[in-house]
Amino acid sequence: MKESYDWILKQLPYLEPFLFVEEILKISDKRVEGSYRFSPDLDIYKGHFKNKPVTPGVILTECCAQIGLVCLGIYFLGKKSELENVAIGMSSSQMDYLIPVYPGEQVRVVSELVYFRFQKLKCEVKMYNENDKLVCKGVLAGMIGVANE
């Protein structure tokens with residue numbers, strides 16, 4: 001039986017239309033893998049670009065960060081009830097974009113841990129399309145922890 005990671009998805013601090021995680025496929029202390037399908041109905045496609053919609057790089061980066069940093073960070077923090085107060089901040093990103101992602105495409109993000117210490121998480125991320133072609137890759141870092149009330 002496949003393990004459920006719904007507890008991580010429920011802790012994500014995002015809602016539609018800014019939620020870019022549908023499923024966590026695998027997760028461990030060293031890596032996370034998840035997927036998301038970019039609905040053709042997303043508002044971003046109305047103006048990016050005229051008559052040739054393509055997913056903006058900043059949204060691809062956000063998808064990589066939500067799966068590759070935030071989901072992994074929540075996994076590290078564990079199934080604590082105080083996770084309702086998860087605080088997240090991206091501190092750096094360096095991404096290379098190789099091929100476009102079009103409306104309706106599903107992507108898979110694979111994130112490998114570089115380090116997690118003092119609440120700073122750094123990962124190497126790669127995004128693949130449905131044909132297993134590399135869409136983008138890079139290094140993302142951010143701070144994650146439980147906020148004080």
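Scroll up for the structure.
Just so it is clear, the model here is predicted, and its values are computed rather than measured. (Residues numbered from 1 in each chain as written. Predicted model: local features only at pLDDT ≥ 70, side-chain atom pairs only at ≥ 80, totals over all residues. Heavy atoms only, no water.)

### A word on the pattern of salt bridges
No. 1: Under the criterion given, the structure shown has six salt bridges.
No. 2: A salt bridge links E112 to R31, with the nearest nitrogen and oxygen atoms 2.9 Å apart. Taken as a pair, E112 in strand β4 (residues 106-117) and R31 in strand β2 (residues 31-37) lie far apart in primary sequence, 81 residues in all.
No. 3: With its nearest N and O atoms 3.3 Å apart, the salt bridge here joins R108 to E33. Placement of the pair is R108 in strand β4 and E33 in strand β2, with a sequence separation of 75 residues.
No. 4: The partly exposed category is assigned to R108, whose relative accessible area is 22%.
No. 5: The class of E33 is buried, set by a relative accessible area of 8%. (Salt bridge = Lys/Arg side-chain N within 4 Å of Asp/Glu carboxyl O. Helix = DSSP H or I, 4+ residues; strand = E, 2+ residues; numbered from the N terminus. Buried < 20%, exposed > 50% of the residue type's maximum accessible area, 1.4 Å probe, protein only.)

### Here we look at helix α2 (residues 57-77)
No. 1: Taking 1.5 Å of rise per residue, 21 residues should cover 30 Å, and α2 covers 29 Å from first to last C-alpha, within 8% of that figure.
No. 2: Remark: the principal bend of α2, roughly 30°, maps to A65.
No. 3: With 17 of 21 residues buried, α2 lies mostly within the body of the structure.
No. 4: With its phi angle positive at about 95°, G78 sits one or two positions after the end of α2. (Expected span 1.5 Å × (residues − 1). Bend = angle between axes of the 7 residues up to and from the residue.)

### Considering the side chain of T55
No. 1: Here T55 shows up in the loop between β2 and α2.
No. 2: For T55, a relative accessible area of 5% puts it in the buried group.
No. 3: Among the polar contacts listed, one links the side chain of T55 to the side chain of Y45, at a separation of 2.5 Å.
No. 4: Leaving out residues up to four positions away in the same chain, T55 has contacts with F38, I44, Y45, H48, L60, V101 and Y102. (Polar contact = N/O pair within 3.5 Å; in protein donor to acceptor, adjacent residues only side chain to side chain. Contact = heavy atoms within 4.5 Å.)

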